[in-house]
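Each chain, letter by letter, is given below.
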Amino acid sequence: MSSPPPSDEFSTPVASGSGSLVQTQPAASGPSNSKGLMGAGALYAISIFLSAFLLFQVEPLMGKFILPWFGGLPSVWTTCLLFFQMLLFGGYAYAHLSFSRLSLRTQAALHIAILIAACLLLPIVPREAWKPAGTEEPISRIVLLLGATVGLPFFVLSSTGPLLQGWFSRTLQGRSPYRLYALSNAGSLLALITFPAYFDWAFSTPALSYLWSGSFAVFCVLCAACAVRVARQPVNQVPPTVEDRPDARSAPVVKPSLGTMLLWFLLAMVPSVLLLATTNQVCLDVASVPFLWVLPLTLYLLSFILCFDSDRWYSRSKMMPAAILGMAATFPLLLWPSQIGLFLQVTGYFATLFFCAMVCHGELSRRRPHVAHLTSFYLVIAAGGAVGGILVAIVAPLLFANYYELHLGLFACAVLVLIVVATDPESWFFG
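The model shown is predicted, which means the values in this text are computed figures rather than measured ones.

Engineer: How would you summarise the side chain of serine 158 if you had to cite specific residues and measurements?
Structural biologist: Structurally, serine 158 can be placed in helix H4 (residues 138-171). Polar contacts involving the side chain of serine 158 include one to the main-chain carbonyl oxygen of phenylalanine 155, which spans 2.8 Å. The contact partners of serine 158, leaving out residues within four places of it in the chain, are Leu55, Leu87, Leu88, Gly91 and Tyr92.

Engineer: Explain the pattern of salt bridges to me, using residue names and the numbers behind them.
Structural biologist: Evaluated as defined, the whole model comprises 6 salt bridges. In this structure, the salt-bridge partner of glutamate 363 is arginine 316, at a minimum N-O distance of 2.8 Å. Highlighted residues: glutamate 363 in helix H10 (residues 342-366) and arginine 316 in helix H9 (residues 316-335), separated in sequence by 47 residues. Just as glutamate 363 is buried, arginine 316 falls in that class too. Here the salt bridges do not stand alone but share partners, grouping Arg316, Glu363, Arg366, Arg367 and Asp424 into one network.

Engineer: Before we move on, can you summarise the confidence of the model for the chain with the specific residues and values?
Structural biologist: Predicted confidence across the chain gives a mean pLDDT of 79, with 81% of residues reaching 70 or more. Averaged over each element, pLDDT in the chain is lowest for strand S1 (residues 11-15) (32) and highest for helix H3 (residues 104-119) (94). With pLDDT under 50 throughout, residues 1-36 is counted as low confidence; its partners more than four residues away or in other chains account for 51 contacts. Ignoring residues within four places in sequence, the model shows residues 235-251, a span with pLDDT below 50, making 40 contacts including any to other chains.

Engineer: Can you explain a nonpolar patch on the surface? Please cite residues and give values.
Structural biologist: Nonpolar side chains collect at one region of the surface, where Ile394, Leu398, Leu399, Phe400, Tyr404 and Leu408 lie side by side and expose about 610 Å² of accessible area between them. If one sorts the elements of the nonpolar patch by residue count, helix H11 (residues 374-399) sits on top with 3 residues. We classify phenylalanine 400 as partly exposed; its relative accessible area is 31%.

Engineer: Provide a residue-level description of the side chain of glutamine 57, including the pertinent values.
Structural biologist: Tracing the backbone through its elements, the reader meets glutamine 57 in helix H1 (residues 31-66). Of the polar contacts made by the side chain of glutamine 57, one reaches the side chain of threonine 194; its length is 3.3 Å. Not counting residues up to four positions away in its chain, the partners in contact with glutamine 57 are Ala191, Thr194, Phe195, Phe199 and Trp212.

Engineer: So what's going on with the nonpolar core? Residues and values would help.
Structural biologist: Ranked by size, the top nonpolar core spans 121 residues in total, and within it Met62, Ile66, Leu146, Trp167, Phe216 and Phe219 carry the most contacts. Residues contacting phenylalanine 216, with those up to four places away along its chain left out, are Leu54, Ala118, Cys119, Leu122, Pro153, Val156 and Leu157.

Engineer: So what's going on with the packing of H4 against helix H6 (residues 205-231)? Which residues, and what values?
Structural biologist: Two elements in contact, H4 and H6, have axes whose closest approach is 11 Å; the angle formed by their N-to-C orientations is 30°. Taken together, H4 and H6 sit at an angle that is classed as roughly parallel. In the crossing of H4 with H6, the sense of the turn from one axis to the other is left-handed. Two secondary-structure elements touch here, H4 through Pro153, Val156, Leu157, Thr160, Leu164, Trp167 and Thr171 and H6 through Trp212, Phe216, Phe219, Cys223, Cys226, Ala227 and Val230. Residues that form the contact of H4 with H6 fall into these classes: 12 nonpolar, 2 polar and no charged.

Engineer: Help me get a handle on helix H12 (residues 405-423), residues and values and all.
Structural biologist: Compared with the 27 Å implied by 1.5 Å per residue over 19 residues, the 27 Å span of H12 between its first and last C-alpha is a close match. When we look at burial in H12, the residues that qualify are Glu405, Leu406, Gly409, Leu410, Cys413, Leu416, Val417, Val420 and Val421. Burial along H12 is one-sided: seen end-on, the buried residues are contained in an arc of 130°.

Reading the values: the criteria
Residues numbered from 1 in each chain as written. Predicted model: local features only at pLDDT ≥ 70, side-chain atom pairs only at ≥ 80, totals over all residues. Heavy atoms only, no water. Helix = DSSP H or I, 4+ residues; strand = E, 2+ residues; numbered from the N terminus. Polar contact = N/O pair within 3.5 Å; in protein donor to acceptor, adjacent residues only side chain to side chain. Contact = heavy atoms within 4.5 Å. Salt bridge = Lys/Arg side-chain N within 4 Å of Asp/Glu carboxyl O. Buried < 20%, exposed > 50% of the residue type's maximum accessible area, 1.4 Å probe, protein only. pLDDT = per-residue confidence, 0-100. Patch = residues over 30% accessible without salt bridge, like charges linked within 9 Å, V, L, I, M, F, W, Y side chains within 5 Å. Areas by Shrake-Rupley, 256 points an atom, 1.4 Å probe, with all protein chains shown as cover. Core = buried A, V, L, I, M, F, W, Y, C linked by side-chain atoms within 4.5 Å. Axes fitted to C-alpha atoms, helices over the stretch in contact; angles between N-to-C directions. Parallel < 35°, antiparallel > 145°, perpendicular 65-115°, else oblique. Left-handed = near helix turned anticlockwise from the far one by under 90°. Nonpolar A, V, L, I, M, F, W, Y, C, P; charged D, E, K, R; others polar. Expected span 1.5 Å × (residues − 1). Arc of directions from axis to C-beta.

Listed below in C-alpha cells is the structure:
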C-alpha cells in the first residue's frame, strides 16, 4: 500500500464547477476514523490480491485439465492464453463502463449480483462431454469449453482490479490506487510460481478445482463487503481530483488525448506479442514443456510489478540499452538455433523478453493518467494485450507459413522505443 504525503493525508478535494482543483480540506481525523480507513484499505488490498492469485491459478489449472484432451501442443496453451486475455479485456470493459456510467450504489448492487451468479457455477470442473472425438476444430472447442466452465468466475476476477481501484479512489480520497496494480500483479506472479512448485504435485486436479472453487467463494464474500462499503458512500461525493504525483497535485484533471491512448495501446500490445511469440519460439527451438510456458509469463508479470510499484525500478538510461542489446543478441538465436546451446537460447530469449517488457511497461507507468481516468487506462492496456494475443495466436498462422512473430515483435519494439523517446519532452531525442 502506498502512503500519501503527510500534508494531504486523507484529504477531501473540493472542485470548482469547471472540474479543476481549488483547494483541499482535511477530513475529520481520530482513532476510530483512522482505524476505519486502514481497515478499508486492507479489505481492498486483500480482495485485489486474492482475485489476482485466483485469476492466475485457474489458467494453469484449466490447462492441466484440457491439455491432455487436445494433445498437449503449445498451440493449446496459446489458445488458452488468448481466451483469458479476451475475457480480461471484457472484465476491464465492464469495470470501466460501470465505474464511469453508474452511481456507486448501482455499481455495488450490480457487482454483488454478478458475484452471486458466478458462485452458482461452482465448482469449475470441465464435463467429460467436452472431450474431443478427434474430428472437431480445436480452437473453437477450447474457447467454448473454457467459457462454459470458468467464463463467468474469470470475468468477475478480471474486473476486480480496475473496479476496486476505482472504488478505492472514491472511498480513500487522496491516496493513490496505482500501487494496488503492482499488488495485483504480485498476486498473479505468486500464483504462477506456487502452482508448479506446490499445488500441481500436492493435489490431484479434481481436488485443486474444489480448493480453487472454495477460495473463490471466500473472495466473493470479501468483494461483496467492498461493494457494501462503497454503496454507503455519500451520493453527492466529489470524484477524486488529487493526483499521486507531487508535481501534479494542483493541476486540473486533463482528459487523455487520442494520441496518448494510442501510445498506451501500443505499449501494452507489443510486450503481449513478444510474450506469446517468445513462448512459441522457445517451444519450437528448445522443448515443449509446461515450465517453458509459465516462465515467460512470470517474467512478463514481474515487469508489471516492478514498473507500477515504484518509479525507481525503471530507469530509461539502463533499460533501453539493455533491451536494444537483447534484441540484437536475439537475431543470431533466430538464424542459427542449432549451433547455439539450449541454455544460451533460453537465457537469450527470456532476457530479451524481460528487458523489452520493462521498457514498454516502464514507459506505460510513466504515462499513467490521473486517477479519474484509471479505468479507461486499464481498459486500453487490456485491449492492447488482447490484440497482441490475437495477432500471434490467430492472425500470424493465417499469414505466415513459418514462425515470424518474434521477428516482427522485436522490430515493433525497436520502432516503439524510437516513438517513445521522440515524443517525450524530457528526452534528448525529442522532436
